[in-house]
Amino acid sequence: MPEAGTLAGQDAAAGIGRLVVVGIGLIGGSLALGLKAASGCREVIGVARRPQTCEQAVALGVVDRAVTDIADILPELEAGDVIFVAVPTLTVEAVFAQLKDRVPAGVTITDGASVKGSVIAAAKNVWGEVPEFLVPGHPIAGSEQSGVTAARDDLYIAHRIILTPMENTADEHVHRIRKMWEAVGAEVLSMPVDEHDEVLAATSHLPHVIAFGLVDTLAHDAENENIFRYAAGGFRDFTRIASSDPVMWRDIMLANRDAILKSIDLYTSNLGSLRSAIASGDSEQLMGVFTRAKAARDHFTKMLAKKAYTETMEAKEVTFIAQPGGAVNGDLRVPGDKSMSHRSIMLGSLAEGVTEVEGFLEGEDALATLQSFRDMGVVIEGPVNGRVTIHGVGMHGLQAPPGPLYVGNSGTSMRLLAGLLAGQKFDTVLTGDESLSKRPMNRVANPLREMGAVVETGEEGRPPLKIKGGNALKAIDYTLPMASAQVKSCVLLAGLYADGETSTTEPAPTRDHTERMLSGFGYEVQRDGPRASLKGGGKLTAGHIDVPADISSATFFMVAASIAPGSDVLLQHVGINPTRDGAINILRAMGADITLENQREVGGEPVADIRVRYAPLKGIKIPEDQVPLAIDEFPAIFVAASCAEGETVLTGAEELRVKESDRIQAMADGLEVLGVDAKPTADGIVIQGKGGEGAVFGGGEVDSLGDHRIAMSFAVAALRAGADIRIKHCANVATSFPNFAELAKGAGMNLRVVSLG
Ligand code: S3P
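Residues numbered from 1 in each chain as written. Predicted model: local features only at pLDDT ≥ 70, side-chain atom pairs only at ≥ 80, totals over all residues. Heavy atoms only, no water.

1. Some remarks on the domain arrangement of the protein
Stage number 1. Taken domain by domain, the protein comprises domain 1 (2-191), domain 2 (198-275), domain 3 (319-329 + 548-755) and domain 4 (338-546).
Stage number 2. Here domain 1 and domain 4 have C-alpha centroids that lie 54 Å from each other. (Domains from an automatic or database assignment.)

2. Some remarks on the layout of surface pockets
Stage number 1. Looking at the second largest pocket, its volume works out to about 260 Å³.
Stage number 2. Taken together, 15 residues form the lining of the second largest pocket, with Pro 335, Gly 336, Gly 359, Phe 360 and Gly 386 sitting closest to its centre.
Stage number 3. By residue class, the composition of the lining of the second largest pocket is eight nonpolar, five polar and two charged.
Stage number 4. Looking at which domains feed residues into the lining of the second largest pocket, each of domain 3 (319-329 + 548-755) and domain 4 (338-546) supplies at least three. (1 Å grid on protein atoms, 1.4 Å probe; cavity = no way out; pocket = protein on both sides within 12 Å on 5 of 7 lines; lining within 4 Å. Points joined across faces, edges and corners; volume = space filled by probe spheres on them. Nonpolar A, V, L, I, M, F, W, Y, C, P; charged D, E, K, R; others polar.)

3. Let's talk about the packing of aromatic side chains
Stage number 1. Using the criterion set out here, one finds ten aromatic pairs in the structure.
Stage number 2. Relative to Trp 181, the ring of Tyr 156 has its centre 4.8 Å away and its plane inclined at 80°; by these criteria the two rings are edge-to-face. Taken together, the residues Tyr 156 in the loop between β7 (137-140) and β8 (160-163) and Trp 181 in helix α6 (residues 171-183) connect sequence positions 25 residues apart. Exposure class is identical for Tyr 156 and Trp 181. Each is buried.
Stage number 3. Centre to centre, the rings of Phe 320 and Phe 740 are 6.2 Å apart; their planes meet at 25°, and the pair counts as stacked. Of the two residues, Phe 320 sits in strand β10 (residues 317-323) while Phe 740 sits in helix α24 (residues 740-747), which places them 420 residues apart along the sequence. (Phe/Tyr/Trp six-rings, centres within 6.5 Å; stacked < 30°, edge-to-face > 60°. Helix = DSSP H or I, 4+ residues; strand = E, 2+ residues; numbered from the N terminus. Buried < 20%, exposed > 50% of the residue type's maximum accessible area, 1.4 Å probe, protein only.)

4. Re the environment of Gln 52
Stage number 1. On the secondary structure map, Gln 52 appears in helix α3 (residues 51-59).
Stage number 2. Exposure remark for Gln 52: the relative accessible area of 46% places this residue in the partly exposed category.
Stage number 3. Along the primary structure Gln 52 and Thr 68 are separated by 16 residues, whereas in three dimensions their C-alpha atoms are 9.7 Å apart.

5. Observations regarding the sheet that holds strand β22 (residues 501-505)
Stage number 1. Strand order in this open sheet of four strands is β20-β22-β24-β23, and the pairing throughout is mixed. The open sheet has two edge strands, β20 (477-479) and β23 (526-528), and neither has a second partner. For this sheet the average axis-to-axis angle between neighbouring strands, irrespective of direction, equals 15°.
Stage number 2. In terms of strand pairing, β20 meets β22 through three bridges, oriented parallel. For Thr 479, the partnering residue across the bridge sits in β22 and is Thr 505. (Pairing = 2+ DSSP bridges. Axes fitted to C-alpha atoms, helices over the stretch in contact; angles between N-to-C directions.)

6. A few points about the site of the ligand
Stage number 1. Every residue near the ligand is listed here: Lys 338, Ser 339, Arg 343, Thr 412, Arg 415, Ser 484, Ala 485, Gln 486, Arg 511, Ile 631, Asp 632 and Lys 659.
Stage number 2. At 2.6 Å from an oxygen atom of the ligand is found a side-chain nitrogen or oxygen belonging to Asp 632.
Stage number 3. In the model, an oxygen atom of the ligand is placed 2.7 Å from a nitrogen or oxygen of the Lys 659 side chain.
Stage number 4. Calculation on the ligand without its partners gives an accessible area of 390 Å², and the protein chains cover 96% of this total.
Stage number 5. Applying the majority rule of atoms within 2 Å of the grid points places the ligand in the largest cavity.
Stage number 6. Elements that contribute at least two residues to the shell around the ligand include exactly α13 (338-350), α15 (411-422) and α17 (485-495).
Stage number 7. For the shell around the ligand, the element with the highest residue contribution is α13, accounting for three residues.
Stage number 8. Taken together, the residues that form the shell around the ligand break down as two nonpolar, four polar and six charged.
Stage number 9. Composition of the shell around the ligand by domain shows at least three residues from each of domain 3 (319-329 + 548-755) and domain 4 (338-546). (Near = heavy atom within 4 Å. Polar contact = N/O pair within 3.5 Å; in protein donor to acceptor, adjacent residues only side chain to side chain. Areas by Shrake-Rupley, 256 points an atom, 1.4 Å probe, with all protein chains shown as cover. Sits in = over half its atoms within 2 Å of the grid points.)

So this is what it looks like as structure tokens:
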């Protein structure tokens, strides 16, 4: 027995005794080597038809001993031993026949065949039913190499093993096989047999058909005799798997016939459409296929970076370690405005003609919107360096997406899309990440229902949102219960599809990018103080959109420069829309030295270069009318308030409690850790600023709760800290400001990013 106390020893104790590998090739040999390396079993016995293979397997140390006839070793097996059948799929039945009536009680049989339906059929042919000791399995690992010499002890590390136990498979045996695979570093999951065979037909068997078929086609083509000599990376990458074992793959094709035929038919029909597009010079159709495929492959590449066949991508764990001191200096351009980036994709998609966008924010939130419209059939090129080209499909050109639209962390995507989707002919489901799944959606579902939409939410009005298509919408006159641009925009966007004139009246001015951009696309929007109205049934005309830098992102550097002596930054080309300039007004009221240079209008939005120099700040009572105009900037403003002389009081900001986190509580908790007196209230906070030019914040560990703006605010605080500030859960900074750390470091902040996973 292996040494007691080791993990492998425990696994062995959990039930893996001897391992018998029938078929000592890449798959069987690698399990043998892996288990031996992990001391995961007592002995490995190989079974191979050819004596040479047996000798080679022993000589290579893959097995402890080997026999050519399994009957020779069956009598010595006992409860807890495992027989792993790793022969080509269609040979499995012959092996089962040899095992029939000779398997000692308590021995588990499993296999590694790529098709599970045929293994089940083989078992039924031999035993009359699937025996309770058979655990069908499939390791999703391998390579184009085959044979015992290709076996490796690390083949299964971080790979998935799919088990397809039947109703009568005994738990004891499933548990043993699960433990065995876990001992070699694999992740084990279960799936019904049919589902396994369909998924594998599409993801593995079809690619092999195509690779074998392509290489054979080229190899037979006399005119192409030089093809292999000149074939470069593309051919090599695409056809690597055509070097796989022919017998194994012939067996898989025959064993999984129906599922593979279904996949081939689907692919043939898509290839046919692609052929027609090439023949007729249909550039848009080609761009549609290629851009969608590229986006899907890029996403898959990220998944692969973690491991093969990952079900969902677990969020990467990112910690910021912000070191104390420093100042910020230089000319900076922060990324494009998030609100405008979302809207550019939405309106560009629904417009007639091609919209070119510049300055698009390549953050995860705006990309989630972009992906949603791709999923609804819109051809979107890019983004490449902030440039996006959208081939508009017109107001009624969206198509039903293939599945739920996943918008990640992005409240703006979910709420604005809800309005647009309520007007479509097809049903949709909107889902999001853990944080978004906790945020209130009745604020948009309720007015949409008043318009006649059928919208279902999850529990307590949370996501997912299920929106029924095909309902005629009627215009409403809606008075918003809260100052929310997302709610206003949602109603106005639904109003595009409503019969009559839809109006919104807001309790306080909120960002008006929807209204401005609709006008920019030639859609008439009437505006009268707090009221905005539009008539349904119009159309949008494509155009050019220049997205300015996001004032919400610029605010981190405005605060940084204001609190760190010796700072002087110029923030270029920042949007200063009067519905967004609250942070400038509040910081100025606190004594900040902010000047707006080169003020101009770009595409219907006011823009300026913002110069900020260090200046001592004082605490203030923040005017409530500024709250909606600075709604996303408060976490950073609280950092400024902590450095100001005297008390800062915020009221009328209960909306902060339903952002990506409860921002009042999250900031109060973090500030307390760092030694600042910050008292949360129901609708705001009271902060006792320390003033002066010395350290304001002690060091310590704070939790951003996965909220991008909390993370960046505490990073800025380090400029006036006495020791390191460690900020946990910072991966979501990528939702709005993917290059924050790079820009911050370039400007003079001392920030380390530690990334795990
Ligand atoms: C946004 C509106 C605001 C803001 C969000 C973006 C928008 O949300 O916090 O980051 O683009 O319309 P609310 O409308 O919920 O205040």
